[in-house]
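Structure at a glance
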Amino acid sequence: MKPLPITLGPRPAGARGLGSGGVLLLVALFLLALRGVVFASDGVGFSVKELLGAWRRDPTGAIGVVQLFVSSLCFELLALLLLCRLARGGRAARWVARGGLLALLWLNLVGTQVFMVINTYAKGFQLSGLSLPELGRMARGYLGPATLAALVLPVGVSLLFGREGSVERQRPALRMRLLLLVLALAAGGAVYRLVRYPLAFPAAAHSPLTLLLVNSLPERLGQMPRGQPSPEDWAPATKLDARWQALAAAPRDFNVVVVVLESVRASIFWPSPEAPPMPRMEALAPHSAVFTRAYAHEPLSTKGLESLLFGIYPSPYWETAGGRFPDIPLDSVGERWAALGMRNAFISHNEVPFMGESGFITKRGFSYYTMREDLAALDTPITDRTLVKALDRFIEGAPTQRFGAILWPHHPHLPYQFPAPMKNAHPPNSFAAYRDAVAYQDLVIGDLVELLKRRGLFENTVIVLVADHGEAFREHPEAGSAHGDRLFDMSVHIPLVFINPRLFHGERDDRVVQQKDVAATLTWLAGDARPVLNAGSTVFHERASSTAYLISHLDVASMRGAIVHGRLKYMYVAPLGMKPPDERLYDVVADPGERHDLWAERQEEGRALKARYFGWLQYWGERWGAVEHSGAVKDREALYQQLFGVSPPRVASPAE
């Protein structure tokens, strides 16, 4: 029997460049090298040395990892087969195929870079929600000689693809056509499994591109461990906590300004001893209240806004609830403020990848929304301090009317660089540059306080400082960089500070509070009598449960989960191949760096927290799944009954 040829047809005499087989070999080596980089990284939970050792001790387990490696290339194999077929269709088809091959290689290269930073592919592709200028700044921060060379190589390979002028007229032998058909069916079946059952595979076993085809996950929760939900986690607040009883007598007729501190973790913000110098915050200490144990639910901006706007745990989707259902009839902070007669503004750089952008926000009770051109008319260059100027202009429109405002600075986001001609003292993406960007927020807050004092509004305005999530710099070897997809405290423990000279006098509250509870707090401070907004209750009220629920299964694969209960934090990472799930238990008060795993010593406590966590996940996920499948996202009454088990709240007046 003759050996099977590796080309799609005989190479014509005089054809230039490599044959089809040579080009495909270069493509294969490029893709194999990228997957090798991923599988050799810390982000997949094992080392090459460990794998070699496992092969000697237990070949079955090591073969499982090899299967995951092969699985990660099935989408690319299927795409290459289709591109080869397309390249046989003539001159125009060949150029389309070359463009497709270039896109395939570049997206794999970008996905690998993203994986090396945050240990997952999918969250990196959510960056597609950023504006082009912001994407450009982030990309430039990672461009180096090696990256540039890697970007150029696919261009040359793609130009060589299909160079044989008559290859489209060559008909492969029957055996070759059958082999290609079998390969296509096998690759297609593998891709279908990756997309249909994403949680059955860790992130490293996916192609970066299969994750773009996965949007929702509630129905996949059956693959996760099971537990029982704790009723106290869903019990609404009814009375003020003992330490905040003084607030009961205070009139609540305040303006509210929320500063969402992009990517700022608690350990690097005032009053942490590790924070950079922040003299303006220090001067505000006598008028502040600090919640020292506040947690974001998910290290992702879109999910932070979802919780802060609606007072809910993040929806169990890759996208936000508002992104999937822009008209979802959930009660929101902006709508409650508007019902109290307040003018409301959402002021940002228009670069936060949140749901629906201006159209969605203005439907939620915000009458003023800044676009890039609005900020450009106020300042050059546009900085985070420009947002305060925009707020000043907004107030000027009706200086005697009460208002609510959300400001979303952006300098502490990757790559932590100030726009030209401002000088950056440290290189992009460095921890030193991040500290500079966090320190800059002290100037923003100082400008805000100065504005309010100049207008005589400081005493009647509550300033709320809260982050959308934290930021990691591989201080913990498994935490990754940037937002990360592991749930160590540097990614989810966030600042929560309230400032007002009439209400606060330097208090510290060390109870565990959750990001979803900030929304109810914002409306209650403005005068709404209800201490509850959807699933959230104000942070000043008694907590039935000292618990925070964290999730990062929205990277589509390798689901991560965590629960903080009192001093303890249970963490779960879905199993990799034949390995068991990674389960940890930390005392985050005694061990804030999360280095000493207590799982082996205190498994009984750990299992109890595990059951509680997966009971919560099952309860919340199944309710969201029921809402989606029943169509209740369009019916306010049905939505509230299915999601919260109550009738929807009616619009209340300030007197109620």
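Keep in mind the model is a prediction, meaning the values are calculated, not measured. All residue numbers refer to position in the chain's written sequence, counted from 1. Where totals are concerned, whole chains, interfaces and linings use all residues; where local detail is concerned, this predicted model gives features only for residues with pLDDT of at least 70, and gives and counts side-chain atom pairs only at 80 or more. To get the side-chain values, all heavy atoms of the structure are used, and hydrogens and water are removed first.

Overview of the overall build of the protein chain
Put simply, the test is: The secondary structure listing takes helices from DSSP runs of H or I that are at least 4 residues long and strands from runs of E that are at least 2 residues long, numbered from the N terminus. Only protein chains enter the accessibility calculation, which uses a 1.4 Å probe; a residue is then buried when its area is under 20% of its type maximum, exposed when over 50%, and partly exposed in between. The contact definition used throughout considers only heavy atoms, calling two residues in contact when any of these lie within 4.5 Å. Under the convention used here, a 1.4 Å probe and the Shrake-Rupley method define accessible areas, while residue burial counts only the protein chains that appear.
If you tally the helices and strands in the protein chain, you get 21 helices and 17 strands. Here the protein chain holds 656 residues, and 57% of them are scored as buried. Relative to all contacts within the protein chain whose residues are 6 or more apart in sequence, the contacts with residues 24 or more apart total 72%. In the form shown here, the protein chain has an accessible surface area of approximately 25,900 Å², with 61% of it arising from carbon and sulfur atoms.

Some words on the packing of aromatic side chains
Where we set the bar: Only the six-membered ring of Trp is used, alongside the rings of Phe and Tyr, when aromatic pairs are assigned; centres must lie within 6.5 Å, and planes under 30 degrees apart are stacked while those over 60 apart are edge-to-face, with the rest tilted.
Scanning all chains against the criterion turns up 39 aromatic pairs. Ring geometry for Y549 and W616: centres 4.8 Å apart, planes at 15 degrees, overall stacked. In this pair, Y549 is assigned in strand β14 (residues 547-551) and W616 in helix α20 (residues 603-630), connecting sequence segments 67 residues apart. Note on W616: relative accessible area 2%, which makes it buried.

Examining the sheet that holds β14
Through backbone hydrogen bonds, the strands of a sheet pair up, either in parallel or in antiparallel fashion. Here is the rule: Note on pairing: DSSP must find at least two bridges between two strands before they are called paired. Lines fitted to C-alpha atoms define the axes, with helix axes restricted to the stretch in contact, and inter-axis angles between N-to-C directions lie between 0 and 180 degrees.
What the 4 strands build is an open sheet, ordered β14-β15-β16-β17; its pairing is antiparallel. Unpaired on one side and paired on the other, β14 and β17 (582-587) mark the two borders of the sheet. Put simply, the sheet's adjacent strands are angled 10 degrees from each other on average, direction ignored. Pairing geometry for strand β15 (residues 560-565) and strand β16 (residues 568-573), over 6 bridges, is antiparallel. When the sheet's bridge partners are listed, V564 is paired in β16 with K569. Strands in contact with α20 are β14, β15, β16 and β17; relative to β15, the strand with the most contacts, it is inclined by about 115 degrees.

Details of the confidence of the model for the protein chain
Caution is warranted with low-pLDDT regions, since their predicted coordinates should not be read in detail. Defined as follows: Per residue, pLDDT measures the predictor's confidence, with a range of 0 to 100.
Of all residues in the protein chain, 82% attain a pLDDT of 70 or more, and the chain-wide mean is 84. Within the model, the stretch residues 1-18 combines pLDDT values under 50 with 29 contacts to residues more than four positions away or in other chains.

Some details on the packing of helix α4 (residues 74-87) against helix α9 (residues 174-196)
This is how the line gets drawn: Oblique is the label for any angle not under 35 degrees, not over 145, and not in the 65 to 115 range, which are roughly parallel, roughly antiparallel and roughly perpendicular in turn. Left-handed describes a crossing whose near helix is turned anticlockwise from the far helix by less than a right angle; the clockwise case is right-handed. Amino acids outside the nonpolar list (Ala, Val, Leu, Ile, Met, Phe, Trp, Tyr, Cys, Pro) and the charged list (Asp, Glu, Lys, Arg) are all regarded as polar, and Gly is one of them.
Viewed as axis vectors pointing N to C, α4 and α9 meet at an angle of 140 degrees, and their least axial separation amounts to 8 Å. Between α4 and α9, the angle falls in the class oblique. Read as a crossing pair, α4 and α9 show a hand that is left-handed. Along its contact with α4, which presents C74, F75, L77, L78 and L81, the element α9 presents L180, L183, A184, A187, G188, A190 and V191. Its residues assigned to classes, the contact of α4 with α9 comprises 11 nonpolar, 1 polar and no charged.

Some details on the packing of helix α11 (residues 301-310) against helix α19 (residues 516-525)
Contact geometry for α11 and α19: axes closest at 6 Å, N-to-C directions at 35 degrees. The way α11 lies across α19 gives a crossing that is right-handed. Contact with α11, carried on its side by S307, L308 and F310, involves K516, V518 and A519 of α19 and no other residues of that element. Tallied by class, residues from the contact of α11 with α19 come to 4 nonpolar, 1 polar and 1 charged.

What about α4?
Since the α-helix packs 3.6 residues into each turn, any two residues three or four apart lie on the same face. For clarity, the threshold we go by: By this rule the span expected of a helix is its residue count minus one, scaled by 1.5 Å.
Across its 14 residues, α4 extends 20 Å between first and last C-alpha, which sits within 8% of the 20 Å expected from 1.5 Å per residue. Within α4, burial applies to C74, F75, E76, A79, L80, L81, L83, C84 and A87.

Side note on the nonpolar core
Applicable threshold: By nonpolar core is meant a set of buried Ala, Val, Leu, Ile, Met, Phe, Trp, Tyr and Cys residues that side-chain atoms within 4.5 Å join together.
Counting residues in hydrophobic clusters, the biggest one holds 127 residues, and the most contacted among them are F269, L391, F498 and F540. No other element matches helix α17 (residues 431-454), which puts 11 residues into this core. One finds L73, C74, A79 and V191 within the second-largest nonpolar core, a separate group that totals 24 residues.

Some thoughts on the pattern of salt bridges
The test is simple: Just to be clear on terms, a salt bridge is a Lys or Arg side-chain nitrogen sitting within 4 Å of an Asp or Glu carboxyl oxygen.
Going through the model one piece at a time under the given rule, you end up with 31 salt bridges. The residue R243 makes a salt bridge to D241 at a minimum N-O spacing of 2.9 Å. Through salt bridges with shared partners, a single ionic network connects D241, R243, D509, D510 and R511.

Some points on the side chain of R265
To be explicit about the condition: By the criterion applied in these results, polar contacts are pairs of N or O atoms within 3.5 Å in which, for protein atoms, one can donate a hydrogen and the other can accept it, and in which residues neighboring in sequence qualify only through two side-chain atoms.
Inspection of the secondary structure assignment puts R265 in the loop between β1 (255-261) and α10 (279-283). Within the local environment of R265, its side chain forms a polar contact with the side chain of S267, the two groups lying 2.9 Å apart. Residues contacting R265, with those up to four places away along its chain left out, are F431, Y434, H469, G470, E471, A472, F473, E475, M490, H493 and P495.

Quick word on unusual backbone geometry
Following L414, the chain continues into P415 via a peptide bond in cis, with omega recorded as 5 degrees. Of note, the amide linkage connecting A420 to P421 takes the cis form, showing an omega dihedral of 10 degrees. By the element assignment, P421 lies in the loop between β5 (403-408) and α17. One non-glycine residue, S263, lies in the positive phi region at around 60 degrees. Relative to the assigned elements, S263 resides in the loop between β1 and α10. Notably, Y416 is not glycine yet its phi reads approximately 60 degrees, a positive angle. Among the secondary structure elements, Y416 is positioned in the loop between β5 and α17.

A closer look at helix α21 (residues 636-644)
Operational definition: The arc refers to the directions leading from the helix axis to the C-beta atoms.
Three or more residues of α21 are buried, namely L639, Y640, L643 and F644. Down the axis, α21 shows its buried residues gathered within 90 degrees of arc, on one side only. Where the residues of α21 are buried, they touch α20. Here α21 starts with a cap whose side-chain oxygen sits 3.1 Å from the backbone nitrogen of E637, and that cap is D635. With its phi angle positive at about 75 degrees, G645 sits one or two positions after the end of α21.

Re a nonpolar patch on the surface
Rule in force here: What goes into a patch is any residue over 30% in relative accessible area without a salt bridge, connected to like charges within 9 Å or, for nonpolar side chains (Val, Leu, Ile, Met, Phe, Trp, Tyr), within 5 Å.
On the surface, L25, L26, L29 and L32 cluster together to form a nonpolar patch covering roughly 350 Å² of accessible area. Tracing the sequence through the fold places L29 in helix α1 (residues 20-39).

What to know about the environment of G561
With respect to the helices and strands, G561 occurs in strand β15. Looking at G561, the relative accessible area reads 1%, which means it is buried. Between the C-alpha atom of G561 and that of Y572, which follows or precedes it by 11 residues, the distance is 5.1 Å. Those residues in contact with G561 that sit more than four places away from it in its chain are L487, L550, I551, Y570, M571, Y572 and Y613.

So, the environment of E274
Structurally, E274 can be placed in the loop between β1 and α10. Accessibility expressed as a relative area gives 46% for E274, which makes it partly exposed. Taking C-alpha positions, E274 is 9.9 Å from R435, a pair spaced 161 residues apart along the chain. Every residue in contact with E274, bar those within four places of it in the chain, is listed here: S267, I268 and R435.

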